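Commentary on secondary and tertiary structure
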Amino acid sequence: GDLDKVVNLLLSLSGRLARVENVLSSLGDNANSEERSSLNEKRKLLAGQHEDARELKENLDRRERVVLDILGNYLSEEQLQDYQHFVKMKSALLIEQRELDDKIKLGQEQLKCLMESL
């Protein structure tokens, strides 16, 4: 459960940080300094939260290694490898699911814009 939450948190913060940085980079020279300042503050806050989430992930990885050592005393080598594969695949599938959800959302937004333009 913790793995799901931390991976989703990292993905969410990464996406939000990327969007803010994209908006900042697309601002022209005539952009409102208040708006630029607000976006810079938001970027700074998100970067700090992302760093905190990375630390949570590192702690989770340490806990995973401890659990793996304990399970090594009770499981066969094959069962232990199955467990490791499960944990790795779970993270990979969460990331893939998030990417697919983002693509679906983008497609729906594009479809809505096309329908409105007709």
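Residues numbered from 1 in each chain as written. Predicted model: local features only at pLDDT ≥ 70, side-chain atom pairs only at ≥ 80, totals over all residues. Heavy atoms only, no water.

An unreviewed UniProt entry annotates the protein chain as SHRM3 protein originating from Erythrocercus mccallii. The annotation that UniProt attaches to the protein chain under Subcellular location (unreviewed entry) is "Cytoplasm, Cytoskeleton". (UniProt positions renumbered as here; feature names shortened; annotations may be inferred.)

**Things to note about the packing of helix H1 (residues 2-26) against helix H2 (residues 33-72)**
Between H1 and H2, the shortest axis-to-axis distance is 9 Å and the interhelical angle comes to 155°. Taken together, the axes of H1 and H2 lie roughly antiparallel to each other. Like other packed secondary-structure pairs, H1 and H2 cross with a definite hand, here left-handed. Considering only residue class, the contact of H1 with H2 consists of 15 nonpolar, 4 polar and 9 charged. (Axes fitted to C-alpha atoms, helices over the stretch in contact; angles between N-to-C directions. Helix = DSSP H or I, 4+ residues; strand = E, 2+ residues; numbered from the N terminus. Parallel < 35°, antiparallel > 145°, perpendicular 65-115°, else oblique. Left-handed = near helix turned anticlockwise from the far one by under 90°. Nonpolar A, V, L, I, M, F, W, Y, C, P; charged D, E, K, R; others polar.)

**Topic: the side chain of histidine 50**
Residue placement: histidine 50 occurs in helix H2. Residue histidine 50 is classed as buried on the basis of its relative accessible area, which comes to 15%. Those residues in contact with histidine 50 that lie beyond four places of it in its chain are Leu10, Leu13 and Ser14. (Buried < 20%, exposed > 50% of the residue type's maximum accessible area, 1.4 Å probe, protein only. Contact = heavy atoms within 4.5 Å.)

**Description of the side chain of serine 91**
Secondary-structure assignment places serine 91 in helix H3 (residues 77-117). Aside from chain neighbours lying at most four places away, what touches serine 91 is Leu3 and Val7.

**Structural notes on H2**
Between its first and last C-alpha, H2 extends 58 Å over 40 residues, near the 58 Å set by a 1.5 Å rise per residue. Capping the start of H2, asparagine 32 holds a side-chain oxygen 2.7 Å from the backbone nitrogen of glutamate 34, two or three residues further along. (Expected span 1.5 Å × (residues − 1). Polar contact = N/O pair within 3.5 Å; in protein donor to acceptor, adjacent residues only side chain to side chain.)

**Let's talk about a nonpolar patch on the surface**
A surface patch of nonpolar side chains, about 350 Å² in accessible area, is lined by Val66, Ile70 and Tyr74. Counting through the fold element by element, isoleucine 70 comes out in helix H2. Judged by relative accessible area, which is 45%, isoleucine 70 ranks as partly exposed. (Patch = residues over 30% accessible without salt bridge, like charges linked within 9 Å, V, L, I, M, F, W, Y side chains within 5 Å. Areas by Shrake-Rupley, 256 points an atom, 1.4 Å probe, with all protein chains shown as cover. Salt bridge = Lys/Arg side-chain N within 4 Å of Asp/Glu carboxyl O.)

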